Amino acid sequence: MALAKDTGFLLRKIPYSESSFILKAFTREHGLLTFMAKGAKQPKSRHHGLLDPVLHLQFLFPAFSRSDIRILGEVSLMRDFPGIREDIVKQGLSCIFSEILLRYTPSESDSSQFHDLLLAAQEGLESSSSERTVLQAKLSAFLLGYCDISGFQPQFQNCVRCGSALSGSNIPFLMDRGGPLCASCQRAEPATFFLRENIVRWLDAIQTGGEVPAVGRTDAWRAEEFLLSYLGRHTGGEKNLKSVAVWHELLGDA
Ligand SMILES: [Zn+2]
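A few points on the structure. (Residues numbered from 1 in each chain as written. Predicted model: local features only at pLDDT ≥ 70, side-chain atom pairs only at ≥ 80, totals over all residues.)

1. Thoughts on the sheet that holds strand S9 (residues 193–196)
Here's step 1: Spatially, three strands are ordered S8-S7-S9 in an open sheet, and the strand pairing comes out antiparallel. Only two strands of the sheet have a single neighbouring strand rather than two, namely strand S8 (179–180) and S9.
Here's step 2: In the sheet, strand S7 (residues 170–174) pairs with S9 via four bridges, with the strands oriented antiparallel. If you follow Asn170 over to S9, its bridge partner there is Arg196.
Here's step 3: Along the sheet, helix H6 (residues 197–208) makes contact with S7, S8 and S9, crossing S9 at roughly 85°. (Pairing = 2+ DSSP bridges. Helix = DSSP H or I, 4+ residues; strand = E, 2+ residues; numbered from the N terminus. Contact = placed C-beta atoms within 7 Å. Axes fitted to C-alpha atoms, helices over the stretch in contact; angles between N-to-C directions.)

This is the structure:
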């Protein structure tokens, strides 16, 4: 039997039977895969301690399978992220990254870029401070990166219709065109979403790598809500992500 080897992350772990797990993994070359990890619940299992969604892993599995579920062979650790494992708030954010990949699954041909985005996001989170606004900026950066490699990167600098500078404290944003509107274009085109000026500047700084200005928690939430809605709009419908509500609870915002 030909075996394939690939690196990736576990996105979901579902108990199955007395002793096994069904796993959803996102891999670099094969995209989303479903594995059966036989006997993995037993303490003596060779997979014991390795089937943790935070870890970067290497999987060995049958290269071809008649079923959608492949039997998982060897698993080895590529990289541990103790800074995330030991911080419940960081772990909550990492779960959002996973759920986004699970719910807005990219095509197999683009999987390497998404795998690398997730790996970079985990690495950034591992060494990041646990300060709330820093973590909120990490989520927005991940969502912007996701939109970028999906081919619908938004911009926050100039009017999307005429190219003029933006003005006013409440800036209209055209979801379908991926950009904001200036005051005069706004009259001709009804906007679907309004963002306060400081949120627009915040998102622009995160996207362009500029110095990220401080924003309040509500503004960072609004940015997150906007990006999730934008991602949903461009991928055939917004999905409700449970991990987002859980993360807000962990942050004490629920
Ligand atoms: Zn304009």
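Further notes follow.
2. Describing the pairing of strand S3 (residues 31–37)
Here's step 1: The pairing of strand S2 (residues 20–27) with S3 spans seven bridges and is classified as antiparallel. Note that in S3 the partner of Phe21 across the bridge is Ala37.
Here's step 2: What sits between S2 and S3 in their antiparallel hairpin is a turn of three residues.
Here's step 3: Taken together, the three bridges between S3 and strand S5 (residues 69–71) define a ladder with parallel strand orientation.

3. What to know about the nonpolar core
Here's step 1: Counting 62 residues, the largest nonpolar core has Leu23, Ala25, Ile96, Leu143 and Leu227 as its most contacted members.
Here's step 2: Sorting elements by how many residues they give to this core places helix H4 (residues 132–150) first, with eight residues.
Here's step 3: Once you skip the residues sitting within four places of it in the chain, Leu143 turns out to touch Leu227, Leu228 and Leu231. (Core = buried A, V, L, I, M, F, W, Y, C linked by C-beta atoms within 7 Å. Buried ≥ 20, exposed ≤ 12 C-beta atoms within 10 Å, placed from the backbone.)

4. Topic: the environment of His47
Here's step 1: Its place among the elements puts His47 in the loop between S3 and strand S4 (56–62).
Here's step 2: For His47, a count of 19 C-beta atoms within 10 Å translates into the label partly exposed.
Here's step 3: Measuring from C-alpha to C-alpha, the distance between His47 and Arg85 comes to 18 Å, with 38 residues separating the pair along the chain.
Here's step 4: For His47, the contacting residues outside a window of four places in its chain are Ala37, Ala40 and Val75.

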